[in-house]
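What follows is the residue order along each chain.
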Amino acid sequence: MPDDWLLLSEPDVGEVEQTLVQAALGQPRLSAGPMIEHFERQFAQWLGRRHAVAVSSGTLGAWLALRALGIGPGDEVIASPYGWHQVAHAVTLAGARVVFADINYWSGCLDPARAEPQITPRTRAILAGNVNGHPAAWPAWRELAVRHGLALIEDSTEALGSRLGGQLVGSFGDIAVFDFSQPSALCCGEGGMLVTDDDNLATELRYLRARSVRDRRSVSVGSRVPLQAGMSELSAALGAGQLARIDHILAARRAVEQHYHRQMQSFEGIKPPYIAPDVDEVHWMVYLVHLGKRFTASACEQIIEDMAAEFIEAALYCQPLHQQFHYLQQGWHRGQFPLVERIADRAIALPLHTRLAPDHVKFIVKTMKDSSVNVGAGAAIY
């Protein structure tokens, strides 16, 4: 794209990151080295968890989590069809069956009350996410998981820095999964992190993550075949630098959010940003606009095209998994999850990053308003 585009996301990279990357380049190891260990320690400390295991992506991290929990063919995992990173693909990669459930209309997160009827004797785990930064209903999820004897996996790939009940997201699951690709606030190109308080799980996750040098002559390693899913030293250096500056990055993104909120006050017929009463703070991954019911999918596509004509990158938030070909082949179909579809059909992601000035935000919102008038008036959907 040309340099004058207002992109959906741009990483906030400063001198700290550049210094650490240069330091990593000067070391004799570019994989499985000290920078990864440093990043893991710092991330676990920041989050308040015992263990952090760096991986190459959020999806592979979720796959490792499922394998470490012993979940595979013949098992079922409850998950949401709605989300940006679509970490639920990991269930299929593990050979298990993903079982979808509908969401909470306001938060966009998987709804415990709607998920419980989907639990069967084959259900082994719940994979619930903090959608676009908004924390899920974790006390309810924990109660449900304990009552049914299920593992609770927290998908925090879209949330970093949000808090519920005084705790950072990533604190609630038996295992929590983070992703550091764009548009994450902490961005190191590609990569992710698994966090847990369980010593045995952490040991298994590290074993499954990658084959080590000491395993080269092992005759037992094949009993649980490891992946090649580690993070590079360069990515870890970039991630560690981002983590050192995370408070500054989140504060700068929050200022951009406030500019959006002010400009959106005059945008009629949209669902306002929602924060549940027990949520302390939300750090959005992208700025999401929920258009009115009278906007069709084609109208939303037209708005995105109109914005692109003004060099603004926007996108539909997601194509729900139950409407994608692989899952259609399994018998899922449109119409099964009305709340997911009600939101997904009209949710447009707008740029959110620290390089956006107030005038940029004003221009983005004005362009979207003008386009919405051209394609048809909206109506409130709440």
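Refer to the preceding data block for the structure.
Here is what the cut-offs are and how they apply
- Residues numbered from 1 in each chain as written.
- Predicted model: local features only at pLDDT ≥ 70, side-chain atom pairs only at ≥ 80, totals over all residues.
- Heavy atoms only, no water.
- Phe/Tyr/Trp six-rings, centres within 6.5 Å; stacked < 30°, edge-to-face > 60°.
- Helix = DSSP H or I, 4+ residues; strand = E, 2+ residues; numbered from the N terminus.
- Buried < 20%, exposed > 50% of the residue type's maximum accessible area, 1.4 Å probe, protein only.
- Lys NZ or Arg CZ within 6 Å of the ring centre and 35° of its normal.
- Salt bridge = Lys/Arg side-chain N within 4 Å of Asp/Glu carboxyl O.
- Pairing = 2+ DSSP bridges.
- Contact = heavy atoms within 4.5 Å.
- 1 Å grid on protein atoms, 1.4 Å probe; cavity = no way out; pocket = protein on both sides within 12 Å on 5 of 7 lines; lining within 4 Å.
- Points joined across faces, edges and corners; volume = space filled by probe spheres on them.
- Nonpolar A, V, L, I, M, F, W, Y, C, P; charged D, E, K, R; others polar.
- Expected span 1.5 Å × (residues − 1).

A. Structural context of the packing of aromatic side chains. A complete count under the given rule lists 15 aromatic pairs for this structure. Ring centres 5.7 Å apart and planes at 80° place the aromatic pair Trp5 and Phe311 in the edge-to-face group. Of this pair, Trp5 sits in the segment before helix H1 (15-25) while Phe311 sits in the loop between helix H10 (297-309) and strand E12 (315-316), and the two are 306 residues apart along the sequence. Seen from their ring centres, Tyr105 and Trp106 are 5.1 Å apart, and the 75° between their planes marks the pair as edge-to-face. Residue Tyr105 is classed as buried on the basis of its relative accessible area of 9%. Members of the aromatic cluster, connected to one another through ring pairs, are Phe39, Phe43, Trp46, Phe178 and Phe180. When the ring centre of Tyr105 is taken as reference, the NZ or CZ atom of Lys271 above it lies at 5.2 Å. The ring centre of Tyr105 lies 4.7 Å from the NZ or CZ of Arg342, which sits over that ring.

B. Inspection of the pattern of salt bridges at higher detail. Enumeration over the complete set of coordinates arrives at 17 salt bridges. Between Arg355 and Glu10 there is a salt bridge, and its shortest N-O distance comes to 3.2 Å. Of this pair, Arg355 sits in the loop between strand E13 (347-350) and helix H13 (358-375) while Glu10 sits in the segment before H1, placing them 345 residues apart in sequence. Arg245 serves as the salt-bridge partner of Glu17, at 2.7 Å between the closest nitrogen and oxygen. Residue Glu17 is found in helix H1, and its partner Arg245 is found in the loop between helix H8 (233-244) and helix H9 (246-264); the two are separated by 228 residues along the sequence. Overall, Glu17 belongs to the buried group, its relative accessible area being 0%. Overlapping salt bridges, with partners in common, bring together Asp12, Glu17 and Arg245 in one network.

C. Spatial organisation of the sheet that holds strand E6 (residues 163-164). With respect to topology, three strands assemble into an open sheet ordered E7-E6-E10, the strand pairing being antiparallel. Only two strands of the sheet have a single partner each, and these edge strands are strand E7 (167-168) and strand E10 (279-281).

D. Structural context of the side chain of Asn132. Mapped onto the elements of the fold, Asn132 is located in the loop between strand E4 (123-129) and helix H6 (138-148). Ignoring sequence-local partners within four residues, the contact set of Asn132 consists of Glu158, Val282, His283, Trp284, Met285, Val286, Leu288 and Tyr317.

E. Spatial organisation of unusual backbone geometry. The omega torsion across Gln182 and Pro183 is 10°, close enough to zero to call that bond cis. Here Pro183 shows up in the loop between strand E8 (175-179) and strand E9 (192-196). Here the phi dihedral of Ala32 falls at roughly 50°; this positive angle occurs in a residue that is not glycine. Even without being a glycine, Gln86 presents a positive backbone phi close to 55°. Counting through the fold element by element, Gln86 comes out in the loop between strand E2 (76-79) and helix H4 (89-93).

F. Geometry of empty space enclosed by the protein. One pass over the structure, following the stated rule, counts four cavities of 30 Å³ or more. Roughly 220 Å³ of internal volume is contained in the largest cavity. Lining the largest cavity we find 19 residues, and of these Asn132, Lys271, Trp284, Leu288 and His290 sit closest to its centre. Per-element accounting of the lining of the largest cavity gives the leading share, three residues, to strand E11 (residues 287-290). Tallied by class, residues from the lining of the largest cavity come to 12 nonpolar, six polar and one charged. Empty space within the second largest cavity amounts to approximately 170 Å³. Lining the second largest cavity are 18 residues, and of these Ser80, Tyr82, Gly83, Val87 and Asp155 lie nearest its centre.

G. Examining H9 more closely. Taking 1.5 Å of rise per residue, 19 residues should cover 27 Å, and H9 covers 27 Å from first to last C-alpha, within 8% of that figure. Those residues of H9 that sit buried are Ile246, Ile249, Leu250, Arg253, Val256, Glu257, His259, Tyr260, His261 and Met264. The inward-facing, buried residues of H9 contact helix H2 (34-47), H8, E11, E13 and H13.

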